[in-house]
Structures are given as C-alpha cells and as structure tokens.
Amino acid sequence: MRSSILAASLSLLSSSYAGQPLNYLFQGDFCSISEKCTYPNFTNSEPLPEPHQQQKIQEQPPQQEKPEPEPENKYHPWTEEPQCITDKETSEEFCVYTNANFASGRGISFFTSTKIAARVISLPAFTQPELHKHVNNFTNPPWEVRNVADRGNGLFAIRTLHRGDEIVSDTPVGVYQSDAFFPDWPMGYRYLHKAFQQLPKATREIFVKMAAHNPGDPIMERVNTNAFAGEFEGAPHFLLYPETALMNHDCRPNAMYYHDPATLIHATFASRTIHPGEEITITYTNILEPRAQRQEALTQTWGFECKCSLCTAEPSEVRKSDNRIRRIQELQGFLADWSPDSIGTPNMARELLKLYEEEGVHAALGTGHMFAALAYNADGDMKGAKKHARLAIEAGMVNSGVKDGDREEMESLLSDPRHHWSYNIR
C-alpha cells in the first residue's frame, strides 16, 4: 500500500503520467458561441450515428419486434477487418483496429502492434461498455468555446464550477503507437488514413474540425497538434481526445485531469472555484518546476512561450515562486520517503500545505492533506492524522487518476489509525 501512495502523490503534478496535451487551436470556421455549436453526443440514451458508408462486414438485420441475433463477427470486437503493415527494420507488425460501436457509437481506431491489440480487448473499456454510459455527453456543457488572442480557441465557464465538478469526460477517437508511424510514413500514412476513414461519420466530422499547426498530411498533423503523448500498455502512444484538447495551458491551472488507461476515459475536473467568464485551463507540463524549466519544455515540445500571469510576473516574484517550488519538491520527497531513514514530520506537512496555497497549486490540496495525515499517524498523533484524513477526503482527490485508491487509504486511516500501516512508523 505504501508504494501506491508514493506513486499517487508524486504523479499528481508530474508530466510523466499518461502524457500531456499538445497546444491546441481550432480552425477559424469552428464556431465560437456555445448556443450555435453542435457537439455530437454518444450516450446510451442517444441513437447511434449512421453506420460507416464503407462498412461491409456486418449488415444490421431489418427491424422486427423480436430481432434475430446478428451473425457472429469473426473480427470481434473490431467492426472492420484489421489492416496490417510490417516494419522492415524491426519486423514488428502494426495493424489498424476499429470498433465503430465503441462508447455508444462514438467509435475508436487503434493503430498499434498486434501484441498490444490482444491486450486491449481485455480492458474494461471493451468488456464493460456500461462504463461509458455517462461520458461523451455535450448536451449542456458548463463551458463555451471562445477565441483567445494569440492562443486560438479555448474553453470558458458559463456557470460557476466548484472544486471537483466535472468539466469534460470523453473517450479517445484514436490511439496510435508512435513506432507505427515509421513504416507508414513512406506510404503517405495510408494506414493512419484507414484508421480515420473507418470511424463513424459524426466522429470524422469532429476530427476534421481540429486544426493542424503545420502543413503536411492533414490527418497526421491533426494528431501532432492535438493528441496526448504518453505510455499506453507499455509503449509510447498518441491518444486523441478532441474535446479535452480544447483547453489551453496555464502554469497555475484551475482544472486538473486524469486518464484511466483501463477504461480509456479522460476526465477533467475543477481544482478550485471557476467563475462564469473565466477561462478553463490545464497544464501541458510539470508545473512544479522553476519558470526556466517550464518555458524550455513548452518551447521545445509545443513551440510556444507561456505568457500566463506567473510567467510574466516581475522578476522578483518569479524568484520567490521558483524558491517555493524548490522547497515543495524537497518536502514532497521527504514526506513520500518511507525508508527507515525517513525524516518526514508533521511540521513539514504543514509547511507543504502552506506553500501549495501560496503557489496556487489548487489540485494539490487533497494530496497535501493526505501527506499530513500520514505524517501525523507516523508520529503517533492519531488526532492530527484523523483531522487531515477527513480534510483530504473533503478536499477530494483531484489528481492523476488514482483517486479511488487514495480515498480508500484515507478512509482506512480515519476509521482505525492505530492499525493503519503508517502508525508510529517514523
């Protein structure tokens, strides 16, 4: 259990978990007024979009009072026959796998290795379709799309959002293994295009509305511009979540997201109160790094210089922020260390909470109280441990996707601190 707490805590504001979104811009013809925008909904309460015009494998039987079972699909769960290409240098085979019915008709295409595809079909994303019942629903979103000078389009709140309120919850329309692009490039990205063409019509329309920052292949450049890059099933992949990609970067964002690789759901929540008219932002990099390192990462990876209020503050204020960040890093390391030589203390946890507040790292509030609860309990102070465990639960675990484990950990400590693994351990 200690290892999961360590992983949960340190992944909170790390750029290594599930990748980060690339800088996002929509084309000029994308509507910027929520009342005029049409966002296709793919929920179990909505009818499925019309079948893909090129789909030949299965024809739906005529509608009857008691419909006969559909013929067995030998490619199940894929709705098209997988198309494959082999990398001549590595001899690894990569295939296009499409399920046009995924997530209540939103559809999904993979361009990945055969080994990974074999594992994917065992994920809850495919074995428990009810998990997607309440995602991809944009009927009445709490935001609208507006154009931002020098930043393209972004999401803006149209009603008050409180910490923990859901902003966007969606599934990817494409999952592409990085290595698959090497053999596909000389062929003009033929297989990547196949992955796009096999998606349902409504999803293809969402795809083509995304902008491409650079000239080149229209599908590949949209992936480059808008996809999240990270590890999936043990290999580097690009995951394309079009709605999530609408959110712009800020070094002190007001929203935090998590990606569940088992369900393929990417969910974004408010990390503090967001008022109507305020832009909803996430981070594209590790915000617990000094300004120079953040700017370097953003410039090299996404090609823009951050001009958020923190990055454009007076030099003296930037130095103060950098010093606080270095101290936060140090304290997190001490408090996450459960070795016999650990020096973490409740005083350190209190200092960490104060620094989180001073830095405006709102998403860290729940995790900060979790650090404090464990530190107090490790010191034998059950009263302090229960206080911060309760605050951690109340604050909510808005982090990188392991919130359920963290909550269970705090509930366990709250109910019986003396028999929790952390009691008197330091």
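For clarity, every value in this text was computed on a predicted model and none was experimentally measured. Sequence positions are assigned chain by chain, starting from 1 and proceeding in written order. Since the coordinates come from a predicted model, pLDDT governs what is reported: local features require at least 70, and pairs of side-chain atoms require 80 or more to be given and counted, while whole-chain, interface and lining totals use all residues. The basis for the side-chain values is all heavy atoms of the structure; hydrogens and waters are excluded.

Considerations on the confidence of the model for the chain
Across the chain, each position has a pLDDT score giving the predictor's confidence in that residue, from 0 to 100. Averaged over all residues, the pLDDT of the chain equals 84, while 81% of them reach at least 70. The contact rule is simple, with two residues in contact once any of their heavy atoms fall within 4.5 Å. Scored below 50 in pLDDT, residues 1-39 makes 119 contacts in the model with residues more than four places away or belonging to other chains. Contacts for the low-pLDDT stretch residues 44-60, under 50 throughout, to residues beyond four places or in other chains number 27 contacts.

Section: the packing of aromatic side chains
Stacked, edge-to-face and tilted are the three classes for Phe, Tyr and Trp ring pairs, Trp counted by its six-membered ring, which pair at centre distances within 6.5 Å; planes under 30 degrees apart are stacked, over 60 edge-to-face, the rest tilted. Within the structure shown, the criterion is met by 18 aromatic pairs. Aromatic side chains Phe102 and Phe126 sit 5.1 Å apart centroid to centroid with 40 degrees between the ring planes, which places their arrangement in the tilted category. Of the two residues, Phe102 sits in helix α2 (residues 102-105) while Phe126 sits in helix α4 (residues 124-127), which places them 24 residues apart along the sequence. Residues Phe138 and Trp143 carry aromatic rings whose centres are separated by 6.4 Å and whose planes lie at 55 degrees to one another, so their mutual orientation is tilted. A run of DSSP states H or I qualifies as a helix once it reaches four residues; a run of E qualifies as a strand once it reaches two. Both are numbered from the N-terminal end.

Observations concerning the state of the cysteines
Joining two cysteines, a disulfide is a covalent bond between their sulfur atoms. The disulfide criterion used throughout: a pair of cysteine sulfur atoms within 2.5 Å. Using the criterion set out here, one finds one disulfide in the structure. For Cys84, the disulfide goes to Cys95, at an S-S distance of 2.0 Å. The sign of the S-S torsion, about 105 degrees, decides the handedness of the disulfide formed by Cys84 and Cys95: right-handed. Residue Cys84 is located in strand β2 (residues 83-86), and its partner Cys95 is located in strand β3 (residues 93-99); the two are separated by eleven residues in the primary sequence. Taking the relative accessible area as the measure of exposure, Cys84 reaches 32% and is therefore partly exposed. The structure places no disulfide on Cys251, whose sulfur is separated from the nearest cysteine sulfur, that of Cys311, by 3.6 Å. Buried residues are those whose accessible area, probed at 1.4 Å on protein chains only, stays under 20% of the maximum for their type, while exposed residues exceed 50% and partly exposed ones sit between those limits. By relative accessible area, which is 0% here, Cys251 ends up buried.

Here's the deal with the sheet that holds strand β13 (residues 265-270)
Here three strands make up an open sheet; going across it, the order is β7-β13-β12 and the pairing antiparallel. Unpaired on one side and paired on the other, β7 (166-170) and β12 (255-260) mark the two borders of the sheet. On average, each strand axis in the sheet is tilted by 15 degrees relative to the strand beside it, whichever way the strands run. Bridge count between β7 and β13: four bridges; the pairing is antiparallel. Two strands qualify as a pair provided that DSSP identifies no fewer than 2 bridges between them. For every element, the axis is a line fit to its C-alpha atoms; helices are fit only across the contacting stretch, and the angle between N-to-C directions ranges from 0 to 180 degrees.

Considering helix α12 (residues 365-378)
Along its 14 residues, α12 runs 20 Å from first to last C-alpha, staying within 8% of the 20 Å computed at 1.5 Å per residue. Counting buried residues in α12 gives 13 out of 14 residues, a clear majority hidden from the surface. Just downstream of α12 lies Gly380, where phi reads positive at about 85 degrees. Expected helix span is computed as 1.5 Å times (number of residues minus one).

Quick notes on the nonpolar core
In these notes, a set of buried Ala, Val, Leu, Ile, Met, Phe, Trp, Tyr and Cys residues joined through side-chain atoms within 4.5 Å is what counts as a nonpolar core. Membership of the largest hydrophobic core comes to 46 residues, with the highest contact counts inside it found for Phe110, Ile167, Phe232, Leu264 and Ile280. Looking at which element gives the most residues to this core, the answer is helix α3 (residues 114-120), with three residues. For Leu264, the residues in contact, after removing those within four places along its chain, are Phe102, Ile108, Phe110, Ala125, Asp170, Thr171, Pro172, Phe232, Leu239, Tyr241 and His259. Core analysis: the second largest hydrophobic core is formed by 29 residues, Ile328, Ala364, Ala375 and Ala389 among them.

Quick look at the sheet that holds strand β11 (residues 248-249)
The strand order across the open sheet formed by four strands is β5-β6-β14-β11, and the pairing between neighbours is mixed. Two strands bound the open sheet, and with one partner strand each, they are β5 (143-148) and β11.

A look at helix α11 (residues 346-359)
A rise of 1.5 Å per residue sets the reference length of α11, with its 14 residues, at 20 Å; its end C-alpha atoms lie 20 Å apart and thus fit the reference within 8%. On the buried face of α11, the contacting elements are α10 (315-335), α12 and α13 (382-395). Gly360 sits one or two residues past α11 and shows a positive phi near 70 degrees.

Structural notes on the pairing of strand β14 (residues 279-282)
By the alternation rule, side chains of β14 split into Glu279 and Thr281 and Ile280 and Ile282, which are all buried. Note that strand β6 (residues 152-157) and β14 share two bridges and pair antiparallel. Residue pairing in the sheet places Leu155 in a bridge with Ile280 of β14. Here two bridges tie β11 to β14, and the two strands are oriented parallel to one another. If you follow Asn248 over to β14, its bridge partner there is Thr281.

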